[in-house]
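Each chain, written out:
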Amino acid sequence: MKIGFFLPNATFDLPGAPEVGGIETFAFTVGEALQQLGHDVVLFGGEPKAGRQHRETSLRLRLFPYVETKSIPDIGTRFQRLVQRLHFGYRCWTPWLEEQLDVAMIFKPFDWPVAARWKKQQPGLRVIMSYQGTDFFAGDRWFYGAVDAAFATSAETADLAEARVGQRPVVIPSPVDTAFFQPAEEAPSSPATGLRLIASGRLVGWKGFDRLVPALAAARQAGQDVTLRLAGEGPERGKLENLIREHGLEGNFKLLGQLDREALRQELREADAYVAPSIGQEAFSLASLEAASTGLPLILSSRI
């Protein structure tokens, strides 16, 4: 079977960058698994800008120029993302149709108008929607007829999708590469003292990372030896840096920036526990399961 993944963000940069998160990791992981089953899998993604690079993969990639959301008029984030997806669909329109795909995998309601146009040209194409969040926009339901089947990564996400389009997707949790995210074979020869926490993800407000700063400060004031290392990049970095300085935690709260998979796995292996303080809806915390697969206990908010 010939399967196409339509996910511009997957190749914008490495995971942990501002626009690359769990959905992009999911696309590579599932695409590679389908490839190992003997399917011909091609991922249509954005051509990385100068100084950026996507993760290594065995998938066949077709990369095309994309427009960054920051260059689109800010009438709202969803408007920017919709324009970005429509623009990308236009840029790769002819190559996509030339692939003569059997199945198309899409990941955002922003892709429904593009999928509807595909099916006018190739009625036999089967479109599968992967709900890994919401991102609905005004008028999206007019295009939902292009979707032949759908699944959601959690029951809560399935509830939101059903309320929006009147059809409930099947719930299929996201997979974790347990062959890669494994505990270290040997414990460190000289274990560090104190509690070592690790967190990871895009530095955006709804992830709640700013809540960790006063929490860590309170623990230190109570005489607890606690350190925290945060892997990821995003627009909240400056705010976090200021909070860390204000609370005098420069030696205890480290911002690691964007890490590749090997570096992230090593950080997880050297920690005592993983923390995810999300305050917004987390459709499915793939990062938390990667940490659990590495052998860490999890400290999660109620939104995970």
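Above this note sits the structure.
Please read all numbers here as calculations on a predicted model, not as lab measurements. Note that residues are indexed from 1 along each chain, following the sequence as it is written. Note on the predicted model: pLDDT of at least 70 is required for a residue's local features to be given, and 80 or more for side-chain atom pairs to be given and counted; whole-chain, interface and lining totals, by contrast, use all residues. Each side-chain value is worked out from all heavy atoms of the structure, with water and hydrogens disregarded.

1. As for the pattern of salt bridges
- Criterion for a salt bridge: a side-chain nitrogen of Lys or Arg within 4 Å of a carboxyl oxygen of Asp or Glu. Per the counting criterion, the structure on display carries 21 salt bridges.
- Put simply, Arg-196 and Asp-272 hold a salt bridge, and the shortest N to O gap is 2.9 Å. Here Arg-196 is found in strand 8 (residues 195–200), whereas its partner Asp-272 is found in the loop between helix 8 (261–270) and strand 11 (273–276), with 76 residues between them in sequence.
- Its relative accessible area of 26% is what places Asp-272 among the partly exposed residues.
- The partner of Glu-241 in a salt bridge is Arg-237, and the shortest N-O contact between them spans 3.0 Å. Linking Glu-241 with Arg-237, this pair stays in helix 7 (residues 237–246), spanning four residues, or about one helical turn.
- By relative accessible area, which is 23% here, Arg-237 ends up partly exposed. Put simply, DSSP H or I for four residues or longer makes a helix, DSSP E for two residues or longer makes a strand, and each gets a number counted from the N terminus. Type-normalised accessible area, obtained with a 1.4 Å probe on protein chains alone, sets the label of each residue: buried when under 20%, exposed when over 50%, and partly exposed for intermediate values.

2. Concerning the sheet that holds strand 12 (residues 298–300)
- One requirement defines pairing of two strands: DSSP has to find at least two bridges between them. Here five strands make up an open sheet; going across it, the order is 10-9-8-11-12 and the pairing parallel. Unpaired on one side and paired on the other, strand 10 (253–257) and strand 12 mark the two borders of the sheet. Averaged over neighbouring strand pairs, the angle between their axes works out to 25° when direction is ignored.
- Bridge analysis of strand 11 against strand 12 gives three bridges, and the strand direction is parallel. Paired with Ala-276 across the bridge in strand 12 is Leu-300.
- Contacts: residue pairs with any heavy atoms within 4.5 Å of one another. Only the stretch in contact is used when fitting a helix axis, every axis being a line fitted to C-alpha atoms; angles between N-to-C directions are given from 0 to 180 degrees. The strands that helix 7 touches are strand 9 (226–231) and strand 10; relative to strand 10, the one it contacts most, it runs at about 160°.

3. Some details on a nonpolar patch on the surface
- A surface patch of nonpolar side chains, amounting to about 210 Å² of accessible area, comprises Leu-298, Leu-300 and Ile-304.
- For Leu-300, the position within the fold is in strand 12.
- The class for Leu-300 is partly exposed, based on a relative accessible area of 40%. For patch building, the residue pool is restricted to those with more than 30% relative accessible area and no salt bridge; the joining distance is 9 Å between like charges and 5 Å between nonpolar side chains (Val, Leu, Ile, Met, Phe, Trp, Tyr). Residue-level accessible areas treat just the shown protein chains as cover; the underlying method is Shrake-Rupley with a 1.4 Å probe.

4. What about the environment of Arg-55?
- Take Arg-55: it is sitting in the loop between strand 2 (40–46) and strand 3 (60–64).
- Arg-55 gets classed as buried once you look at its relative accessible area, which sits at 10%.
- As for Arg-55 and Thr-11, which are separated by 44 residues in sequence, their C-alpha atoms are 7.5 Å apart.
- Polar contacts, as counted here, are pairs of nitrogen or oxygen atoms within 3.5 Å of one another; within protein the pair requires one atom able to donate a hydrogen and one able to accept it, and residues that are adjacent in sequence qualify only if both atoms are side-chain atoms. At a separation of 2.8 Å, a polar atom in the side chain of Arg-55 contacts the side chain of Glu-32.

5. Brief notes about the packing of aromatic side chains
- For this analysis, a ring pair means two rings from Phe, Tyr or Trp (six-membered ring only for Trp) whose centres lie within 6.5 Å, classed as stacked if their planes differ by under 30 degrees, edge-to-face if by over 60, and tilted for the remaining angles. In the structure shown here, the tally under the stated rule is 17 aromatic pairs.
- Seen from their ring centres, Phe-12 and Tyr-66 are 3.7 Å apart, and the 15° between their planes marks the pair as stacked. Highlighted residues: Phe-12 in the loop between strand 1 (2–6) and helix 1 (22–36) and Tyr-66 in the loop between strand 3 and helix 2 (77–91), separated in sequence by 54 residues. For the pair Phe-12 and Tyr-66, a shared accessibility class is recorded, and that class is buried.
- Aromatic ring contacts, followed pair by pair, group Phe-6, Phe-44, Phe-64, Phe-88, Trp-96 and Trp-118 into a single cluster.

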